[in-house]
Every structure is written in C-alpha cells, then in structure tokens.
Amino acid sequence: MTTTRIAPVGAALRSAPAPRRVSGALVGTWLGSFAVLAFWWQAVSPAVASAPGGALTSVGELAGLLASFLVCVQVLLVARVPWFERSVGFDRLVSWHRSLGTTVVLLVVTHVLLMIVGGALLDGVSVWAEVPGVLRTQPYLWWAVVGTGLFLAVGLSSARLARRRLCYEVWFALHVTIYAGIFLAFFHQVAGGTHFVSSPPARAAWIVLYSATAAAVLVWRVLLPVVQHGRHGLRVEAVVPEGPGMVSVWVTGTDVARFAAQGGQHFLVRFLARGHLGTAHPYSLSTVPSAGRMRFTIGALGDHSAAVASVPPGTRVQVEGPFGRFTADRATTRKVLLVAGGAGIGPIRALAEELVVRGYEVVVVHRAHRSEELALAAEFTASPRLAYLPVPGRRVQLGYDPLAPGPLAAAVPDIASRDVFVCGPAPMTETVVRSARALGVPAAAIHREELY
Amino acid sequence: MAARPWRGTLIYAGAVAVIAAAGFARFAGVQPDGAIAAAGAAGADDSSSGLTAGSTPTRAAAPDTSAPDASAPDASAPEASAPDASAPDAGTDGSSSDPTATAAPDASTGDEVTIVGAAEQTRYGAVQLSVTFSGDSITDVQALQSPDRERRSMEISQQAIPMLTQEVLAAQSAQIDTISGATYTSDGYRQSLQSAIDQRG
C-alpha cells in the first residue's frame, strides 16, 4: 500500500521507515492454531454427529486442543526467549500473554462445558450424573480437574478487578502454580484424548510441543538467571537520593558489559533482602553500563520502589534482562527529541547518553511538577549536540499544557523532522504522542515507554 | 505498551466462531441418529456375523445398537437356539432360566461351554461377548457386538478387543486393565465378561 503524506519541511531527510516486520511469533501462533484445526478436521469422522452429543463432544475436543496449544504459546511468550525479546519486545510479549490468558481460560471453560453436556447426551444421563461417570472412567481426569481449578484461580486473580486489589506477591505466588496446572492437565490430553490415543504421531508431536515449552522455561527462566547470578555477582554499591521520591541504585558486578544493555532498556531487578525477595521489578537503566557498574533510577511509584531507599549497600541483586526496544536503534533520523516525565527521566538520561555518543543531535524536554523534582538535571551538560529544556510546573499553575502542540512547537520548532522518544506516566505519554502527530511526526518515528 | 483490555475476549470470540464454523462445516448433512440406526441395522448384523461361528441364533436375537434395553429381545433366545439337552452342566441350566441374563449355553464338546454375556451399552455402542469355558478356564472370547457407532469407534474396537481378549486369557478373570484410549469399550467388555462368568457360576 502506498500513501501520500504531506511531508513537513525537513521530513524529506528522514530515512524511509523500516517496513513493519511481521513477527515470527505471530506467524507461528497462527500456523500452529491452523495446524491444530486441520488435525482435528482430518481425525474426526462426520459420523460422530449422528448423535447431537457426539457433535458437541467433538467440538469440545477442538476447543480443548486450541486451549492447550495456546497455553504453550502463552508460556513461551514470557519464557524470556532471547529471539522473541529481540523481535517482539518484552512489553508487547507481556501484553499478548495477558490477552491470550483470557482466551485460554475461556476456551478451557468452553471445553469442559461441551464435554459434560455432549457426554451426558451421548450416555443418555443427566449432566449431574455425567460428571462422576467420566471422572470414574477417564484416565487422569481428576488431575485435569485440579489443573482446571488452577487455571481458573490464576485467570481470575489476573483479571483487572482482582489485580488491582491483590498485592504482587500473592498474585505472583498464585501465578506460578499455573505450571502445575498445565502439567496436571497435560496427562488427560495424551492418555484420554481420543485424537491422541488413536494417532501415535499426533501424540508424539504433542509431547514434543509440551517438552519444548518446559525446556524453554527451565533454560531461560531458571537455569540462565542462576548461572548469570553466579557469574556477575551483582551487589548494591550505593543508594543515592536524586530528589523528592527518587533514588538511584548503583549496582556493581563482574563483567557487567556482557549484558550488552543499551540506554532505554530495563531489567527485572530483585534485591535479595528481607521484604524484597518475593518481587522482581522492572527498573530502567539511567546510565549506559560501564566500568562494572549499572545505575537504576527509581521513582517512588509503589511500596517497593519506596522501600528501595532503605536497601543497604552490599545487598546481593538478581537481575533478568535486558529487556525493551526503547533504544537508539529505533531512531529513523539523526535528530531526536526526548521527552521525560517524572521517573521517566531515568531511561531518557541513558538514552540521551547513548544517542550523543553515537553522534545524534538530541533535545531533551524534562517535565516535572516542581523544579526540585527535576532529578538528574545536572547530568545534562549542554553541548552542540545536546539541548536540555526543563519544564517544571503543574498545568493548573502554568495555565496551559506545555506539551500541547502549540507550546511544544515553540520549544522545539523542528519537531517534525525529529524522532520523538517519550517516557513517563501514561497520560503525559498520550499527550506527547498526540501533539507530535499533530505537528507532523509520522507514527513510525514516535517511540513510547510507559512507566510501570 | 498500552493495555488492550478486551483483546483476549475478542480472540476468544473469534476462536468460538471458528470452532462453531468448523463444526458446522464438518458435520453438515449428517443424518440424525435414528436414520442411521435404521439404515445401519442390517449392516450391524452383517458386521457381527463374521465374529462367531455357531452363534447364529444369539446373533439374530442380539439387540441392535439403537435399542437401549439389552436384555428384552433376548428372552426367547436360549429356548429357541440352545441345545439345552446336550449341556452337561446343571449350573448353566440354572442361569439360563434367569430372565435378565442373555445366556445361550451352547456346548460343542463335553467339557466346553460357551456363554453369551449381557449386552452392555456404552456411549459409543454396545459390547456383548460370548465366552468359551473349558472346564474352569476361559479358552476363548468372541465379541458379538462392539462399539461401531462411528468409524473411529470401530477402529478403536478393532485394536482394543483383541488386546482385552489377550488380557482375559492371561488373567482368567474380569480383573483386566483398561486399554488406554478405549475406556468405554474396556468398561463394557469387563461388564459383559463378568456377566458371562457370573452365569457360569
């Protein structure tokens, strides 16, 4: 598809945006789902529909097959597989994981209902008599019942309403039990699922799919973090206050460069200290790692971010990462506008460092409610390649929004010819994206990272 | 990444639509059960005729798969068919008079007795066995009926029944393991076998 856009002055210099890459993960998911459908189609005989119950159970089997395929996809998405991380990005992977979670739980419920109703019709008994009947006769069905219970518990605890009320530790502890749930549900599929029992190749393929998923989780979520932890021996060196509600945590370790982290990326950080063990938080780098050091600048957004201020030096640190595609690699031009709000200054600071080193021309717009909150401001030393524009003040006091199209264009007149990177609270991010679009920045040149 | 609150539900709705469409496409034009049963009644008889030689009267009396009550049509079977006089075992006479049993004692040699077990209904069709005893041991099991309501049931039956028979000849009782993937057939098989053993007494 070709579109003609009225290019603002300067936009002609922009290199053509990279064509939107179709993610291999998405293609794989579609192909896999289609393969499951095709497998069901060729394995099922139309004659099962001679009884209405037969048609219902058969369709229920298809729902179950799709659910158990998608649950593997879902687990793989968050298995920290490096290839997925690079091609899709951690935040999108998590977003897809959450969406598919809803799909899988609903499909599991559909499967259970169809199997019970269809089975009751086939056996000519009531729905209530059917349940104990199949539990008695079908292999590993009790295991699957427990597994389904875990699926429901995990699904409900991750629903938006519940998630807001649950603290992270409880939610996470519950969430990890899904591995047990998947394991328990697996056996009734291969031992009782008519399609797998009557087709050894299909059964083998299914076992390979599940084994590979389990292996990916073990390697990238358990083994590699443990190995890395031993190799880098990361420890807290110092915790430095940066302003109201903001601290920087300096972390030292051997061979930190091996992480190959870029400015703008984040790690999942766990402090091995009382009160922090249960949680790994996504914290962004606020410098490009160098000389055996990494720095994370953290805003007091939640209980744990606040408690970070009291983590004693010497505390061991376990990290997973780096994650994120909010990096200099995304820039499509040599001129860049960075907009930071609140704690968003951390990744923006690291990104600015990386961009300047690479020879980009950078303008930083730093929003905060008060000038005391302009953390890390002193680190932006003006140079021909770097301009730093602090914009403190609440909108009600200022009487206008400094990030609205008018004021933004006044502050950065050549915005249309720049890439725009924005990191901060969601409403601010939205404002900047809208303003940049209104001022002629193409969508492909706008890069956003929301604070967690 | 902005959260996509309803994306998962939308994918589910799409999946359900695809599943329903696949179901309709696959099963469109399939006749309802009654029509199949009526059309298939003759065929069902044909399929079982090869299984047991010498049990013709029993087969004729065997309920077709659509009949839920297995014992009703058999009431006349033993009288009509079994050469009772040649049965040496008094016990079988006793059991054949039991109105609920579908016994057809039918001895070919002095020591051998063949007893037809009850027809057990499973969700995929009936299982009915004829069991040959020689003295106290089980020497042969033939399936007079096996689940044949659909092609896959027939395939499963063809695999499972010989395996079950092997198990019976080894175990000499109805205490046999379920064949994986043929749970319903195995259950029906066990029950029909047990009824035959019970009749033998």
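Calculation notes
- Residues numbered from 1 in each chain as written.
- Chains lettered and ligands numbered in written order.
- Predicted model: local features only at pLDDT ≥ 70, side-chain atom pairs only at ≥ 80, totals over all residues.
- Heavy atoms only, no water.
- UniProt positions renumbered as here; feature names shortened; annotations may be inferred.
- Helix = DSSP H or I, 4+ residues; strand = E, 2+ residues; numbered from the N terminus.
- Polar contact = N/O pair within 3.5 Å; in protein donor to acceptor, adjacent residues only side chain to side chain.
- Contact = heavy atoms within 4.5 Å.
- Buried area = accessible area lost by both parts, 1.4 Å probe.
- Salt bridge = Lys/Arg side-chain N within 4 Å of Asp/Glu carboxyl O.
- Pairing = 2+ DSSP bridges.
- Axes fitted to C-alpha atoms, helices over the stretch in contact; angles between N-to-C directions.

Looking at an unreviewed UniProt entry, one finds chain B named FMN-binding protein, with Cellulomonas edaphi as its source organism.

Looking at an unreviewed UniProt entry, one finds chain A named Ferredoxin reductase family protein and attributed to Cellulomonas edaphi. Its UniProt record gives chain A the following Subcellular location (unreviewed entry) comment, quoted word for word: "Membrane". Of chain A, the UniProt comment under Cofactor (unreviewed entry) reads exactly: "FAD".

### Comments concerning the side chain of A:Ser68
Residues and elements named next belong to chain A. If you trace the backbone, Ser68 turns up in helix H2 (residues 52-77). Only 3.1 Å separates the side chain of Ser68 from the backbone oxygen of Leu65, close enough to count as a polar contact. With sequence-adjacent residues up to four places away left out, Ser68 is seen in contact with Gln189, Trp206 and Tyr210.

### Digging into the UniProt feature "transmembrane region" (unreviewed entry) in chain A
All names here are of chain A. When the UniProt feature table is mapped to this numbering, "transmembrane region" (unreviewed entry) covers residues 22-42, 62-83, 104-128, 140-159, 171-191 and 203-224. Annotated as 82% helix and 0% strand, the span residues 62-83 places its first and last C-alpha atoms 30 Å apart. Overall, residues 104-128 shows 88% helix and 0% strand. The separation of its end C-alpha atoms is 25 Å.

### What to know about the interface of chain A and chain B
Residue-level contacts link 45 residues of chain A with 34 residues of chain B. When residues of chain A are sorted by the area they lose upon contact with chain B, A:Trp41, A:Ser50 and A:Arg160 head the list and together hold 15% of the total. Our enumeration of links across chain A and chain B arrives at 0 salt bridges. One can count 6 residue pairs in polar contact (both at pLDDT 80 or more) joining chain A with chain B. The element that contributes the greatest number of residues to the side of chain A that touches chain B is helix H4 (residues 90-123) of chain A, accounting for 14 residues.

### Regarding the sheet that holds strand S4 (residues 281-284) of chain A
All names here are of chain A. Taken in spatial order, the 3 strands line up as S4-S3-S6 in an open sheet, and their pairing is antiparallel. Edge positions in the open sheet fall to S4 and strand S6 (317-323), since each of these has one partner strand only. Averaged over neighbouring strand pairs, the angle between their axes works out to 35° when direction is ignored. The sheet contact formed by strand S3 (residues 266-271) and S4 spans 4 bridges and is antiparallel. Its bridge partner being in S4, Leu268 is matched across the sheet by Pro282.

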